[in-house]
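Residue strings, one per chain:
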Amino acid sequence: MIHIVLRWDFHVVVFQPQPHFQSLFKSGQNPSSSSSRNDDAISRLPALFYVPQLSFSSGDMLLVHAKPTSEWWWAELHGVIGYVPASVIRQEPDEEEEPVEDPWQDEEYFGSYKTLKLHLEMLSDKSRTEAYRHVIFNNSAALRGKVVMDLGCGTGIISLFCAQLAQPSVVYAVEACSMAAYTRQLVKQNGFEEVVTVLQGRAEEIQLPEKVDVLVSEWMGSCLLFEFMVESVLLARDRWLKEGAVTWPSSAALTLVPCQADGYYAEKMAFWEHPYGLDFTPLQPLARQEFFTKPRFSHLVEPAECLAAPCHVIRLDMYTLQIRDLEVLGRFLFCVERSGIFHEFTAWFTVHFNSMEAEGSAVELDTGPSAEPTHWKRTLFMLDRPVSVCAGDSISGTIVLRRNPVWRRHMNVFLHWSINGSTEDVGTKTFPMWR
Ligand SMILES: N=C(N)NC/C=C/[C@H]1O[C@@H](n2cnc3c(N)ncnc32)[C@H](O)[C@@H]1O
């Protein structure tokens, strides 16, 4: 979709500080928009903590990739991509509008949830499913008479928990794919037709008869954000959640830790040193490319393999998070607690469910090595070359989860690290998830 810029007759570089990094700014450095002061201030800032919006001038032709909200569109100008305020641009009718592939790949994405495979995997994950049941049980009194929306209900397990353990006035179970027809059968089979209403359609498009008191969803993907179903939750939050109402999960955190991974390294890399007494090391560059380029999702790191204390690199408050903040960033500083070989970074997430009652206890779903394994397991980012580290060394750097500007369910993870702050002993690597 081509658009031209109207009204804005000056060059604008607008940076939007991300609230959850507010605390990381040095005082007095919050930029204001559209001023030379802005440019100076920004040139001094750690740009990593800003989501640049597109700079453009009147008359520019923008290529709009996506319109996540009515006020902010995701667009491209001269190869640079960023958010633009929709209010200043006008759609130019295209002569030949060639069909553009759906950046959400909804056909493939929702198609994967039409069969039982993924639903069986999620339902078989007791840590995950029991956590949601625990939340409903803990809040059963507060849920009485409430209106609930279960976004992406799948087989409807969370909605069925609500009807089984509490007395909400209604649960709107929203499911985009044809699984919804079976979900209706399950609601009937278990006698909850009076409470649970299954609506087939995308949460972004369905119409609810009323706003809701509780928005519950199990949206977390590998490395927390993969699939970016969280965007659908934010849109539904802004559209259907009553003032002061509850969203479950209430917050999320991504955790990172440097680890030793002898087994995986031996299996994929050391193996080529002398298979059957022969030297196959010329294949190691191929092995590095094939096995270490993409993150490994199905990884179960043990606590003993962690070389330092894990650290939360990203925290998301589901009440204040904005879609444009989903180009999320983080930084880390690890103090190595045990000498060993630094093979990889491992990532996992934790989500919290605040109680609806002031004194109620929160529920936590932790997918890390100190908790029961879950179907998410953990995500492993293998370094190209392992590094020997000693207790007391520091591993500092940044992790940037940059959403794929075109394929909106995908992202790239940039990792940059330095050992003991040195400028020689540094590393940097980008991991595509998946495109
Ligand atoms: N990855 C994790 N954890 N959960 C995936 C959960 C996916 C389920 O939620 C549905 N879903 C995902 N996004 C939407 C949406 N915007 N509107 C309606 N239904 C949706 C999918 O069809 C799956 O059944």
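From a predicted model like this one, the values you see are computed outputs, not experimental measurements.

Reading the values: rules and limits
Residue indices follow the written sequence of each chain, beginning from 1 at its first position. For this predicted model, a pLDDT threshold of at least 70 governs which residues receive local features, and a threshold of 80 or more governs which side-chain atom pairs are given and counted, while totals over whole chains, interfaces and linings are taken from all residues. Note that water and hydrogens are dropped before the side-chain values are worked out from all heavy atoms of the structure. Only protein chains enter the area calculation, which uses a 1.4 Å probe; residues under 20% of their type maximum are buried, those over 50% are exposed, and those in between are partly exposed. Only DSSP runs of H or I covering at least 4 residues are called helices, and only runs of E covering at least 2 are called strands; the numbering of each starts at the N terminus. Strand pairing requires that DSSP identify at least two bridges connecting the strands. UniProt positions are given in the numbering used here, feature names are shortened, and annotations may be inferred rather than shown by experiment. Simply put, an axis is a line fit to the C-alpha atoms, just over the touching stretch for a helix, and the angle between two N-to-C directions goes from 0 to 180 degrees. Any two residues whose heavy atoms approach within 4.5 Å at even a single point are treated as in contact. For our purposes a nonpolar core is just a set of buried Ala, Val, Leu, Ile, Met, Phe, Trp, Tyr and Cys residues, chained together by side-chain atoms within 4.5 Å. One heavy atom suffices: a residue is near a molecule or strand as soon as one of its heavy atoms comes within 4 Å of it. Counting of polar contacts relies on pairs of N or O atoms within 3.5 Å, with two restrictions inside protein: one atom must be capable of donating a hydrogen and the other of accepting it, and residues adjacent in sequence are counted only when both atoms are side-chain atoms. Note on areas: Shrake-Rupley, 1.4 Å probe, and residue coverage restricted to the protein chains presented here. Following the grouping adopted for this structure description, the nonpolar residues are Ala, Val, Leu, Ile, Met, Phe, Trp, Tyr, Cys and Pro, the charged ones are Asp, Glu, Lys and Arg, and the polar ones are all others, Gly among them. Stacked, edge-to-face and tilted labels apply to pairs of Phe, Tyr and Trp rings (six-membered ring for Trp) whose centres lie within 6.5 Å, assigned for plane angles under 30 degrees, over 60, and everything in between, in that order. Counted as over-ring charges are cases with an Arg CZ or a Lys NZ within 6 Å of the ring centre that also lie within 35 degrees of the ring normal. For salt bridges, the criterion is a side-chain nitrogen of Lys or Arg within 4 Å of an Asp or Glu carboxyl oxygen.

What to know about the pairing of strand E20 (residues 394-403)
- E20 sits mainly inside the fold: eight of its 10 residues count as buried.
- The sheet contact formed by E20 and strand E21 (residues 411-419) spans nine bridges and is antiparallel. Its bridge partner being in E21, Leu-401 is matched across the sheet by Val-413.

Remarks on the UniProt feature "domain: SH3" (unreviewed entry) in the protein
- Feature annotation in UniProt places "domain: SH3" (unreviewed entry) on residues 54-86, given in this structure's numbering.
- Its end C-alpha atoms 12 Å apart, residues 54-86 is made of 0% helix and 55% strand.

Side note on the sheet that holds strand E8 (residues 147-151)
- Spatially, the five strands line up as an open sheet ordered E10-E9-E8-E11-E12, and their pairing is parallel. Every interior strand has two partners, whereas the edge strands, strand E10 (196-200) and strand E12 (241-248), have only one. Averaged over all adjacent pairs, the angle separating strand axes in this sheet is 20°, with direction ignored.
- Taken together, the four bridges between strand E11 (residues 212-217) and E12 define a ladder with parallel strand orientation. The residue of E12 that forms the bridge with Val-216 is Trp-248.
- The sheet contacts of helix H6 (residues 179-189) involve strand E9 (170-175) and E10, and relative to E10 the element is tilted by about 170°.

As for the nonpolar core
- If you look at the biggest cluster of nonpolar residues, it comprises 103 residues, and the most contacted ones within it are Met-149, Phe-332 and Phe-345.
- In this structure Met-149 touches Tyr-172, Val-174, Ala-203, Ile-206, Leu-208, Val-212, Val-214, Leu-215, Val-216, Ala-236 and Trp-240, once residues within four positions along its chain are discounted.
- Among the nonpolar cores identified, the runner-up in size contains 11 residues, and Leu-54, Phe-56, Val-84 and Val-88 belong to it.

Some details on the site of the ligand
- In the vicinity of the ligand, 19 residues are found, and the nearest of them are Glu-175, Ala-203, Glu-204, Glu-218 and Met-220.
- A distance of 2.6 Å separates a nitrogen atom of the ligand from a polar backbone atom of Met-220.
- In this structure, a nitrogen atom belonging to the ligand sits 3.1 Å away from a side-chain N or O atom of Ser-232.
- Alone, the ligand offers 520 Å² of accessible surface; in the complex the protein occludes 98% of this.
- For the shell around the ligand, the secondary-structure elements that each account for two or more residues are helix H2 (106-111) and helix H7 (229-240).
- Residue composition of the shell around the ligand, by class: nine nonpolar, five polar and five charged.

Digging into unusual backbone geometry
- Following Trp-248, the chain continues into Pro-249 via a peptide bond in cis, with omega recorded as -5°.
- Here Pro-249 shows up in the loop between E12 and strand E13 (251-259).
- Phi at Tyr-276 is positive, roughly 55°, even though this residue is not glycine.
- Take Tyr-276: it is sitting in the loop between helix H8 (262-268) and helix H9 (284-292).
- Owing to a relative accessible area of 80%, Tyr-276 belongs among the exposed residues under this scheme.

Observations regarding the packing of aromatic side chains
- Taken as a whole and assessed by the stated rule, the structure comprises 16 aromatic pairs.
- Pairing Tyr-264 with Phe-292 gives two aromatic rings, centres 6.0 Å apart and planes at 40°, and the pair type is tilted. You can see Tyr-264 sitting in helix H8 and its partner Phe-292 sitting in helix H9, a full 28 residues away along the chain.
- Across from the ring centre of Trp-74, 4.6 Å away, lies the NZ or CZ of Arg-408, which sits over that ring.
- Over the aromatic face of Tyr-109 sits the side chain of Arg-409, whose NZ or CZ is 3.6 Å from the ring centroid.

Notes on the pattern of salt bridges
- Evaluation of the coordinates by the stated rule reveals 11 salt bridges.
- Note that Arg-409 is salt-bridged to Asp-106, the shortest N-O span being 3.0 Å. Taken together, the positions of Arg-409 in the loop between E20 and E21 and Asp-106 in helix H2 put the pair 303 residues apart, joining distant regions of the chain. By the burial criterion, Arg-409 is buried, and Asp-106 matches it.
- Through salt bridges with shared partners, a single ionic network connects Asp-106, Arg-202, Glu-204 and Arg-409.

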